[in-house]
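# Reading the structure
The chain contents come next:
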Amino acid sequence: MAFSATTYAERATGRSAESQPEVAAEPLAGADAAGSPILEVIDATHVYDGIVALDNVTVTAAAGEFLTILGESGSGKTTLLRLISGLEKPYRIGALRLGGVDVSSVPAFQRNCTTVFQHYALFPHMTVGENVEYGLKVRGVKPSARRGRALEALRLVRLDEKYDRRIHQLSGGERQRVALARALVPRPAILLLDEPIGALDEKLRVDMQVELKEIHMRLGMTFVYITHSQEEALTMSDRIILMSRGRIVQEGPPAEIFDHPANRFVASFMGVEHLLDAELLAIEGAMATCRVGPATLVGKWSGTERPAAGAEVVVGVRAERLHLADEAPEGVNMLPCRLGSAIYKGKYLDRTADAAIGDLKIRLWDSHHTSENEAIAWWKHQDCMVMSA
Amino acid sequence: MIAASARTRSHTRLAAIAARLSPARLSVPTFLAAWVFFVILPLLVIVVFSFFQVRSYRLVYELSFDTWQSLIESGRWMIALRTLRVAVTMTVIELLLAFPFALWLAKGCRSKSAKAVIITLLTIPFFLDAASRIIIWRAILGTNGMINTALMASGLVDQPVSWLLYSEFAVHFGMLGTSFPTMVFPIFIIISLIDDSYLAASDDLGASPVQTLIYVTLPMALPGILAGIIFTFVPLMAAYIEPQLLGGGFVDLLGNSVDSALQQLRYPMAAALSTVVVALLGLCLTAFTLLTRNRLDLSTIFSTLRQ
């Protein structure tokens, strides 16, 4: 595998002159050799039939980065991807640079990036091999060389034995991997992936996450990955950009987005179960004190700017960070509550509880817990997030 | 024991007969029977008729080769060749005109209302009587027609251009509008069915628009192109209105020859000419099928159009 990795990695940095002469011939000012972003989308705005799909979005990616654009359908993430690939012409854009070269007026077929499409879009009238070789055939590569490079890419996705098969003879997972091989073969500077594993079943999805991550590390290529699944984003990415209604809501490494959501939308998207409207009482250092109904809670401030006391904020805590006890330890947030039903989930138990500030869901990993009716729900200040509304 | 097994055997035999009579099994024989009765039988009657004779306007049921002999001796077989030439020429012209148009209509035309209007306009040749539509061209192409009047008035020519009407040009010209929709529709439908993501994928992988056309659009549109060729070519082989109205007796094609033979009550001649049409069509379609068979697996192409 090592040999294929070097050839792909070489291309991934955009240094070879073969398929992207513009890059080598005409490096623009500001594109330093080291550390300059391989992808820069500056101030992109796009409108479909009067609906704003992208609202002044700026995105950059470093060479070799695994960047995930996360968002619900309609958030503008696919539009952003199609702007990068050139399949969509932006309504207005400051600049769109690939490897330091402005490509905003370069047609899609001349851009040095390829896409793995959501439904793969494998050509039904061609064999697996012909599909994978397509990017080379249109560049005028000789059949013998084509075959070698196609087999190399198919080996990377463990499908070199299916070279002569027709597309309709493949399973969903195999089609997904052929689509990946086809996009890798022209050795693009950036690989764009549009929800590539969304159509696969659960087990296959988990396997493909691992496989994609491995291929990314082996090739060192820049991946821009689109998904609506926070789980996929967290497992694979170096950096996540969360989008909503055509705007970037928050961006950062997975751990930062997971543990420090900037506002209610991010927190709820990242699966924080309890989000409570609160009034900020004081903010000191990293910690914020706020009032939720009758209770006073302390947590880490994770919003962007620091508001003044009295501002409306949101307090968030995850179900698995809540504990149940008869007596709470010192220096924690606590709420007396009345225990409700329990839902057995196999690995854990979800217990509902009725507290003064509303219903709580408490995830218990050891099922032999207190079964009394009255209990105290408590959680550490470190596990409590206070964010913008 | 023996009686029981005999009973089972007769029971299974009954079940076998019942299974053979089920609707699913009967559908193919029913179709074949209907097709033979409505299509093959009349054809056979036509072939047989060509071996009868007409004496003093009465059909004489006596076998003879007179009709066929006169067909060959009078040089009327040339009509068959001319018909073939005209039909092939027109099919090629229509294909060259219709493919870009269908491609634009299916993928290039963004306005839904414009598309609807164009499709409606294309059906006009189907709901207007062919003769009344085509006879208009006489007033336009004739020596005193619009074009010649305009040419003379502008001083470009000092004598009317005579080959505009009652010529092969006029016949071809008249066929242009009639045969266009039959070529456009199948191609338009198949290109509409090609998912945009295939074209996007080709573009994305580095194919220029021309390469996408050659490697993706054309192969995927092939079933529609073949259907368009057949739907256009077959009626052209039997065309009779255009040669009759615009040929002015100078352009005899099989279609109008059959028509005039029928009007002169020369049924065997009409039957013989019709036999030639059918035989030529059969030959052409067989050759066409053999030519395209290896390049095209219709069943798989259609099955993969839906994703």
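Residues numbered from 1 in each chain as written. Chains lettered and ligands numbered in written order. Predicted model: local features only at pLDDT ≥ 70, side-chain atom pairs only at ≥ 80, totals over all residues. Heavy atoms only, no water.

## Describing the overall build of chain A
When helices and strands are tallied, chain A shows ten helices and 20 strands. Put simply, chain A has 389 residues, and 52% of those count as buried. For chain A, the accessible surface area stands at approximately 17,100 Å², while carbon and sulfur atoms represent 50% of it. (Helix = DSSP H or I, 4+ residues; strand = E, 2+ residues; numbered from the N terminus. Buried < 20%, exposed > 50% of the residue type's maximum accessible area, 1.4 Å probe, protein only. Areas by Shrake-Rupley, 256 points an atom, 1.4 Å probe, with all protein chains shown as cover.)

## Some points on helix H9 (residues 196-204) of chain B
Residue and element names in this part refer to chain B. Considered for burial, the residues of H9 that qualify are Ser197, Tyr198, Ala200, Ala201, Ser202 and Asp204. The N-capping residue of H9, defined by a side-chain oxygen 2.9 Å from the backbone nitrogen of serine 197, is aspartate 195. Phi turns positive one or two residues past the end of H9, at glycine 206, with a value near 105 degrees. (Polar contact = N/O pair within 3.5 Å; in protein donor to acceptor, adjacent residues only side chain to side chain.)

## Section: the sheet that holds strand E5 (residues 101-102) of chain A
All names here are of chain A. The four strands lie next to each other as E2-E1-E4-E5, forming an open sheet whose pairing is antiparallel. The sheet is open, and its two borders are formed by strand E2 (51-61) and E5, each paired with just one other strand. Summarising the sheet, strand E4 (residues 95-98) and E5 pair through two bridges and their orientation is antiparallel. Pairing of arginine 97 across the sheet is with aspartate 102, part of E5. (Pairing = 2+ DSSP bridges.)

## Concerning helix H5 (residues 143-156) of chain A
Residue pairs spaced three or four apart in an α-helix point in one direction, given the helix's 3.6 residues per turn. Residues and elements named next belong to chain A. Given a rise of 1.5 Å per residue, 14 residues ought to cover 20 Å, and the 20 Å separating the end C-alpha atoms of H5 matches this to within 8%. Burial in H5 covers these residues: Arg146, Arg149, Ala150, Glu152, Ala153, Leu154 and Leu156. One or two positions beyond H5, positive phi appears at arginine 158, with a value near 55 degrees. (Expected span 1.5 Å × (residues − 1).)

## Considering the pattern of salt bridges
Residues and elements named next belong to chain A. Counted by the stated rule, this structure contains 23 salt bridges over all chains. Its salt-bridge partner being lysine 162, residue glutamate 174 comes within 2.6 Å of it at the nearest N-O pair. Here glutamate 174 is found in helix H6 (residues 172-184), whereas its partner lysine 162 is found in the loop between H5 and H6, with twelve residues between them in sequence. Like glutamate 174, the residue lysine 162 is buried in the burial classification. When the shortest N-O distance is used, the salt bridge between aspartate 350 and lysine 345 registers 3.3 Å. The class for aspartate 350 is buried, based on a relative accessible area of 3%. One network of salt bridges, in which partners are shared, links Glu65, Arg239 and Glu251. (Salt bridge = Lys/Arg side-chain N within 4 Å of Asp/Glu carboxyl O.)

## Describing the side chain of Ser302(A)
All names here are of chain A. Relative to the elements of secondary structure, serine 302 occurs in the loop between strand E13 (295-301) and strand E14 (312-317). For serine 302, a relative accessible area of 8% puts it in the buried group. Of the polar contacts made by the side chain of serine 302, one reaches the backbone oxygen of proline 261; its length is 2.6 Å. Ignoring anything within four residues of it in the chain, the contact list for serine 302 reads His260, Pro261, Ala262, Met385, Val386 and Met387. (Contact = heavy atoms within 4.5 Å.)

## Points about the packing of helix H4 (residues 128-137) of chain A against H5(A)
All names here are of chain A. With their axes 9 Å apart at the nearest point, H4 and H5 run at an angle of 120 degrees to one another. When the axis of H4 is compared with that of H5, the two are oblique. Here the hand of the crossing between H4 and H5 comes out right-handed. From H4, Val128, Val132, Glu133, Leu136 and Lys137 reach across to H5, where they touch Arg146, Arg147, Arg149, Ala150, Ala153 and Leu154. Here the residues of the contact of H4 with H5 are counted per class, giving six nonpolar, no polar and five charged. (Axes fitted to C-alpha atoms, helices over the stretch in contact; angles between N-to-C directions. Parallel < 35°, antiparallel > 145°, perpendicular 65-115°, else oblique. Left-handed = near helix turned anticlockwise from the far one by under 90°. Nonpolar A, V, L, I, M, F, W, Y, C, P; charged D, E, K, R; others polar.)

## Examining the sheet that holds strand E8 (residues 222-227) of chain A
Residue and element names in this part refer to chain A. Judged by pairing direction, the sheet is mixed, and its six strands sit side by side in the order E6-E7-E8-E3-E9-E10 without closing on themselves. With partners counted over all chains shown, the strands left at the sheet margins are strand E6 (113-116) and strand E10 (247-252), one partner each. This sheet shows a mean twist of 20 degrees between the axes of neighbouring strands, independent of strand direction. Inspection of the sheet shows strand E3 (residues 66-70) paired to E8 by five bridges, in the parallel sense.

## Notes on a nonpolar patch on the surface
On the surface, Val28(B), Phe31(B), Leu32(B), Trp35(B), Val36(B), Phe37(B), Phe38(B), Val39(B), Leu41(B), Leu44(B) and Val45(B) cluster together into a nonpolar patch covering about 1,100 Å² of accessible area. Since its relative accessible area comes to 41%, Trp35(B) is described here as partly exposed. (Patch = residues over 30% accessible without salt bridge, like charges linked within 9 Å, V, L, I, M, F, W, Y side chains within 5 Å.)

## Regarding the pairing of strand E17 (residues 349-355) of chain A
Residue and element names in this part refer to chain A. Across the seven residues of E17, five count as buried, placing the element largely inside the fold. Two strands pair when backbone bridges link them, and strand E16 (residues 332-344) and E17 are joined in this way by six bridges, in the antiparallel orientation. Each residue of the ladder has a partner; that of leucine 339, found in E17, is alanine 353. The antiparallel hairpin formed by E16 and E17 contains four residues in its connecting segment, where glycine 346 sits at a positive phi of about 90 degrees. In this sheet, strand E18 (residues 358-364) lies alongside E17 in antiparallel orientation, the contact comprising seven bridges. What sits directly across from alanine 355, in E18, is glycine 358. Joining the antiparallel neighbours E17 and E18 is a turn of two residues.

## Some details on the environment of Asp194(A)
All names here are of chain A. You can see aspartate 194 is positioned in strand E7 (residues 190-194). For the pair aspartate 194 and phenylalanine 117, spaced 77 residues apart in sequence, the C-alpha to C-alpha distance is 5.3 Å. The residues touching aspartate 194, leaving out its near neighbours within four places in the chain, are Thr78, Leu81, Val116, Phe117, Gln118 and Ile226.

## Thoughts on the interface of chain A and chain B
Taken together, the contact between chain A and chain B spans 24 residues of the former and 21 residues of the latter. Taken together, the two surfaces of chain A and chain B that pack against each other cover about 2,000 Å², and 67% of this comes from carbon and sulfur. Here chain A is connected to chain B by zero salt bridges. Taken together, chain A and chain B are joined by six residue pairs in polar contact (both at pLDDT 80 or more). Taken together, the elements giving at least two residues each to the side of chain A that touches chain B come down to E6, H4 and H6 of chain A. The residue makeup of the side of chain A that touches chain B, split by class, is 14 nonpolar, seven polar and three charged. (Buried area = accessible area lost by both parts, 1.4 Å probe.)

## Some thoughts on the domain arrangement of chain A
All names here are of chain A. Annotation of chain A at the domain level lists domain 1 (2-112 + 188-259) and domain 2 (264-388). Taken together, the contacts link 14 residues of domain 1 with seven residues of domain 2. Of the roughly 1,000 Å² buried where domain 1 meets domain 2, counting both sides, 69% is carbon and sulfur surface. On the surface where domain 1 and domain 2 come into contact, there are zero salt bridges. Along the contact surface separating domain 1 from domain 2 lie one residue pair in polar contact (both at pLDDT 80 or more). Elements with a minimum of two residues in the side of domain 1 that touches domain 2: helix H8 (230-236), strand E9 (239-244), E10 and helix H9 (254-259). Of the residues belonging to the side of domain 1 that touches domain 2, the class tally is seven nonpolar, five polar and two charged. (Domains from an automatic or database assignment.)

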